[in-house]
Amino acid sequence: MLLAQQQHLVKSGIISQEQIDDALQMQKTEKKGLLFSLLAVEGVDAEAVLQRLARIYKVPYLNISDFKPSEEILKKCPEKLCTDFGFMPVDEQHGELVIAMGNPMDFSALDALQFKLGRRVKAIFSRPDIIQKKIRELYQGDAAFEDAMSSLEDDSSFSTESDEDTNDTDIAALKKGAGDSPIIKLVNGIMVQAMKMGSSDIHIEAGERVSVVRMRVDGRLRAALKFPVKAHVLVLSRIKIISNLDISNTRTPQDGRTRVKLWGKSFDMRVSTLPSMHGEKAVLRILDKSGLSLDLDILGFEKLADQRVRECITKSTGAVLVTGPTGSGKTTTLYSFLHHINDAESNLITVEDPVEFQLKGINQVQVNPKSGMTFSAALRSILRQDPDVVMVGEIRDEETAEIALHAAQTGHLVLSTLHTNDAPSTITRLIEMGIELNMLASSLNLIVAQRLARRLCPKCKKKALPDKGFCERFGLPDGVEFYEPVGCKACMNIGYKGRLGVHEVLYVNERMKELISRGAPDGELMQAAREDGMFCLFEDGLNKALAGITSIAEVMRNSSAPEDFKFEGRLDEGGALMSLGESMKLRDAARITASVGLDRQTVLIVDDSKSIRNLVKFVLQSDGFEVLEADDGQHGWDVLQRLSASIDLVVTDYEMPNMSGLEFVKKVRDNQRFDGIPLVLLTSRKDEDDEVFGLDSGADDYIGKPVEPMKLQARVRKVLAMYARISAAAQGGNHAGN
Ligand SMILES: [Zn+2]
C-alpha cells in the first residue's frame, strides 16, 4: 500500500492516522505487509477498507473465505511459491491464471511470478490474511514437510538395525506399508539430528495441524522441527517397525527397543508410544554407551567427598546410597562406582529395572514384576549367589530396603539409589519405610545426593555480579565474581553446554551413627554432616559457580540454601568456599590464638542445654576465660580431639543424650593425651549420690545445679591452680632427676 493510498483512506475517514501508525509499527515485527497489519488493528472496518482499496486499485475484489480452487489448479502452483508471493490460485481464464493477492498492484512481484510459472497471470484483490490461512488449509503443510526435510541432513553412515535385517520378509513387507522413502528419510534425519545435538530423548507429538519433534539436550526440551500431521501415522509406523512394535496397535502404550548405527558407533534406543488426542506420541531415549564415561574423576566430587567416596566403595561391607530426583544422573554415578571396583576377584551382581547399559564382567539381572521377579525377589536369589558387591537399581519399598541393608550388615557391599531430595532425608525416608534405627546406623557407609547442573559454555560465558537480592541475602563480599550465560554458535545460543554433577556426600562417622540410632531429625543430621566437612548441594554448587563452571541461576534452580548460610568467614584465600566444618575449625583456632596472645585460658563447656551453656559461658567469660561449646558428649569428644592443645579445662553436664557426662569423662580419662586437662562435672541435686561415682570416674570436681556464678568461678580457678601446681612439681621433679 502506497503513501498516497494510505492518505486517501485517512482522508475519506475510513481509518485514522493513529491506526495507520499502529499498523506500520506492527508491520515492523510481523513483516507481512501493511494491509495485513492494518486489518488486525483494533477498530478498523475491514470490509470498508477493502472495498475502497479495490476502487483505488481498479481491480475486482473477491472474498475467498469459502472459495475452493480445483485440485488441478493447485497442482500447478507449489505451496512454497504461494507462501513466498502471498497469493492463492483461483481460476484459469483464456490461458491466464487468475490469482488472488493482497497487493495486486505489485507489478514487479507479478512479473517474477509469471516468469516462475512460465505463463501469464491476472491478479484480483483479496484479504491477505485470508489468503495465508487458505494456503495452509489447502496444502496441509506440504511446504512445512519440505522445510522439515530440507533442514535434515543425510548421513550416509546412518543405518537402523532393521535395515540390515534383509532376510526378514515380514519386516520388508511392513516397511513398504509404512510409506516410501521420504518417511524413512524423515525418521532417519530426526535421529541423526538428535545425535548431532547430543540429545538424550526425542519426543514426537501430533498436534492439530502439525507434528512437533522436540529433543532433550542437557536436560531441557527444545523444539527441533515440525512436519505436517498427515505424515504422523507414517512416521509412527516407521518408528514402530524399527523397534519391533505392533504397527496395527494404536490404542495402547507400547515399549520397544532399537539400535541404530552412526559414525561407526551403535546407539541403543528405548522407544515408547502412548495414544494421545491427535495421534500417538513417541518418545525415543538414546542410550549412548560410548558416550558414557565411567571414570570417577569425571563425576566432579570435591576433594574430601572424593576421598570418602573412594574409601566407602572399596569397603567389603556396608551400604552406599545415591539419591536424587529422576534425571539427576544417579545411575551413571552408580555405574561409575561399579566400574571402579570391578575386578576379577569379586563377584558383582546387579538387579535393575531396566538394565540400561551392559557392563563387562558384571552379572546384571533385569527386574520383571509380571513373572514375579520383583526387586526384593531378585535380591533374595542374588544373595544366594555368593556376591561380594550387590547393586540394587532402586530401593522403592520396605522389603527391598530391609533385604538390602541386611545384606550390607552381613559382609556385602551394597550400592543402591533412592528417590529423595537430599542426603539427610534419605535416612529419615528409610526410617519411615520401617527400617530399624540400629540396623540403619550400623549398615550405612555413605549417602551421595546428586543433581545435574548445566555447564556454562566456555566460549561465551561472561563475568557478572549476582542480583542484588542474592548479594544481600548471603552477604556476598565485594570483589567476588560469578559468570552468567550468553549464547554463541558453539552452544546453539543457549549459553550452556553439557552438564556437571553437584553433590552432597554424607559420611557416616561415629557421631552420625549416634544421631541415626536415636532417630535425630533431618536438620540435626544435616548440621552434623556439614560440621563434619560435608558440602550441602547448595554449597557444592556455589563452589562450582565460584570456579566459573556453572551459574548462580543453575545453583538456585537445583538446590536450596541452608537457612543460616552467609559468605562471611566461608571463603578461603583462593576464593573457594570452605565447608562449614572447616570454617568452624578456623574460627575456633583464631579465637584460641587470640586468647593465647592475651594469656587467657580456654574452657570447653559440654551441655545439651543451651541456657546452661550460655550461663556458664557468661560467668566464665566475665572472669576472663575463653569459652568453647559442645552440645553433647560426642560433640565434646570431637572438639576435644581437634583442639586438645588449646583447652585448659572441661566443664561437662552429667545427664546428656548420646554420650552421657560419665561416659565422656571415662573416655577422656582413658586417653593419656588428655591427662593434663582437668574435668569438672555439673550435677543436679538428685544426682548427689552419684558424685562419688563421678569423682571415681576421673572428674576432678563437681558443681551442683543450679549453677551459682561465684561458686563456679572459684571451683574452676581452684582446679586450674591445682593442675598448675602438679605440672610445676612434675617439671621440678624432672629437674631434680637430671
Ligand atoms: Zn556459547
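Residues numbered from 1 in each chain as written. Predicted model: local features only at pLDDT ≥ 70, side-chain atom pairs only at ≥ 80, totals over all residues. Heavy atoms only, no water.

Draft legend 1. Up close: the confidence of the model for the protein chain. Here the protein chain averages 85 in pLDDT, and 90% of its residues register 70 or above. Predicted confidence in the protein chain is weakest over helix H11 (residues 169-177), with a mean pLDDT of 42, and strongest over strand S11 (residues 318-323), with 97. The low-confidence segment residues 164-180 (pLDDT under 50) makes 18 contacts with residues lying over four places distant or belonging to another chain. (pLDDT = per-residue confidence, 0-100. Helix = DSSP H or I, 4+ residues; strand = E, 2+ residues; numbered from the N terminus. Contact = heavy atoms within 4.5 Å.)

Draft legend 2. Representation of the sheet that holds strand S19 (residues 496-507). Here we have seven strands laid out as an open sheet, ordered S13-S12-S14-S15-S11-S16-S19, and mixed in their pairing. Each of the sheet's edge strands pairs with one partner strand only, and the pair in question is strand S13 (363-366) and S19. Put simply, the sheet's adjacent strands are angled 20° from each other on average, direction ignored. Looking at chain direction, strand S12 (residues 348-352) and strand S14 (residues 389-392) are connected through four bridges and run parallel. Residue pairing for S14: Thr350 is matched across the bridge by Met391. (Pairing = 2+ DSSP bridges. Axes fitted to C-alpha atoms, helices over the stretch in contact; angles between N-to-C directions.)

Draft legend 3. Spotlight on the pairing of S12. The buried fraction of S12 is high, at five of five residues. Burial of S12 is two-sided: the residues Leu348, Thr350 and Glu352 facing one way and the residues Ile349 and Val351 facing the other way are all buried. Across four bridges, the pairing between S12 and S13 is parallel. Of the residues in S13, the one forming a bridge with Val351 is Val365. (Buried < 20%, exposed > 50% of the residue type's maximum accessible area, 1.4 Å probe, protein only.)

Draft legend 4. Representation of the packing of helix H1 (residues 3-11) against helix H4 (residues 46-57) in the model. Between H1 and H4, the shortest axis-to-axis distance is 11 Å and the interhelical angle comes to 130°. Judged by the inter-axis angle, H1 sits oblique to H4. Pair H1 / H4 crosses with right-handed handedness. Each of Gln5, His8 and Leu9 in H1 lies in contact with H4, whose residues at this interface are Val49, Arg52, Leu53, Ile56 and Tyr57. Of the residues belonging to the contact of H1 with H4, the class tally is five nonpolar, two polar and one charged. (Parallel < 35°, antiparallel > 145°, perpendicular 65-115°, else oblique. Left-handed = near helix turned anticlockwise from the far one by under 90°. Nonpolar A, V, L, I, M, F, W, Y, C, P; charged D, E, K, R; others polar.)

Draft legend 5. How the structure looks around the nonpolar core. One finds Leu430, Leu444, Phe482, Leu506, Ile516, Leu542 and Phe567 to be the most contacted residues of the largest nonpolar core, which totals 64 residues. Top element by residues in this core is helix H17 (residues 398-409). It accounts for six residues. Excluding residues that lie within four positions of it along the chain, Phe567 makes contacts with Phe470, Phe474, Gly475, Leu476, Pro477, Phe482, Leu542 and Leu577. (Core = buried A, V, L, I, M, F, W, Y, C linked by side-chain atoms within 4.5 Å.)

Draft legend 6. Summary view of the layout of surface pockets. Of the pockets and cavities examined, the second largest pocket occupies roughly 860 Å³. Lining the second largest pocket are 34 residues, with Gln527, Glu531, Met584, Arg587 and His635 positioned closest to its centre. Of all the secondary structure elements, the ones that give two or more residues to the lining of the second largest pocket are helix H21 (510-517), helix H22 (522-531), helix H25 (580-597), helix H26 (610-621), strand S21 (626-630) and helix H27 (633-643). The residue makeup of the lining of the second largest pocket, split by class, is ten nonpolar, four polar and 20 charged. (1 Å grid on protein atoms, 1.4 Å probe; cavity = no way out; pocket = protein on both sides within 12 Å on 5 of 7 lines; lining within 4 Å. Points joined across faces, edges and corners; volume = space filled by probe spheres on them.)

Draft legend 7. Broad picture of a positive patch on the surface. A grouping of Lys32, Lys133, Arg136 and Arg209 is seen on the molecular surface, where their side chains present a positively charged patch. The topology assignment puts Arg136 in helix H8 (residues 128-139). By relative accessible area, which is 42% here, Arg136 ends up partly exposed. (Patch = residues over 30% accessible without salt bridge, like charges linked within 9 Å, V, L, I, M, F, W, Y side chains within 5 Å. Areas by Shrake-Rupley, 256 points an atom, 1.4 Å probe, with all protein chains shown as cover. Salt bridge = Lys/Arg side-chain N within 4 Å of Asp/Glu carboxyl O. Lys, Arg positive; Asp, Glu negative; His and termini not counted. Charge placed at Lys NZ, Arg CZ, Asp CG, Glu CD.)

Draft legend 8. Summary view of empty space enclosed by the protein. Taken as a whole, this structure holds one cavity of 30 Å³ or more when the rule is applied. Estimated volume of the largest cavity: approximately 60 Å³. Lining the largest cavity are 14 residues; nearest its centre among them are Glu302, Ala305, His503, Val505 and Phe535. When contributions to the lining of the largest cavity are tallied by element, the ones reaching two or more residues are helix H14 (303-313), S19 and helix H23 (537-546). Across the lining of the largest cavity, the residue classes break down as six nonpolar, three polar and five charged.

Draft legend 9. Seen up close, the environment of Ser276. With respect to the secondary-structure elements, Ser276 resides in the loop between strand S9 (265-274) and strand S10 (281-287). Separated by 2.7 Å, the side chain of Ser276 and the backbone oxygen of Gly279 make a polar contact. (Polar contact = N/O pair within 3.5 Å; in protein donor to acceptor, adjacent residues only side chain to side chain.)

Draft legend 10. Here's a closer look at helix H28 (residues 661-669). All buried positions along H28 are accounted for by Gly661, Leu662, Phe664, Val665 and Val668. Axial view of H28: buried residues confined to an arc of 160°, hence all on one face. (Arc of directions from axis to C-beta.)

Draft legend 11. How the structure looks around the pairing of S19. Within S19, nine of the twelve residues are buried, leaving the element largely enclosed by the surrounding structure. Looking at chain direction, strand S16 (residues 444-456) and S19 are connected through ten bridges and run antiparallel. Opposite Ile447, over in S19, you have Leu506 as the bridge partner.

Draft legend 12. Main features of unusual backbone geometry. Residue Pro354 follows Asp353 across a cis peptide bond; omega there is -5°. Among the structural elements, Pro354 can be located in the loop between S12 and S13. Within the chain, Lys58 stands out as a residue other than glycine whose phi angle is a positive 60°. Mapping Lys58 onto the fold places it in the loop between H4 and helix H5 (71-76).

Draft legend 13. Region of the structure containing the sheet that holds strand S2 (residues 96-101). On the basis of which strands lie adjacent, the open sheet formed by three strands has the order S1-S2-S3 and mixed pairing. Two strands lie at the open edges of the sheet, namely strand S1 (87-93) and strand S3 (121-125), each paired on one side alone. Taking the axes of each pair of neighbouring strands and ignoring which way they run, one obtains an average angle of 30° across the sheet. As paired elements, S2 and S3 share five bridges and run parallel to each other. Directly across from Leu97, in S3, lies its bridge partner Val121.

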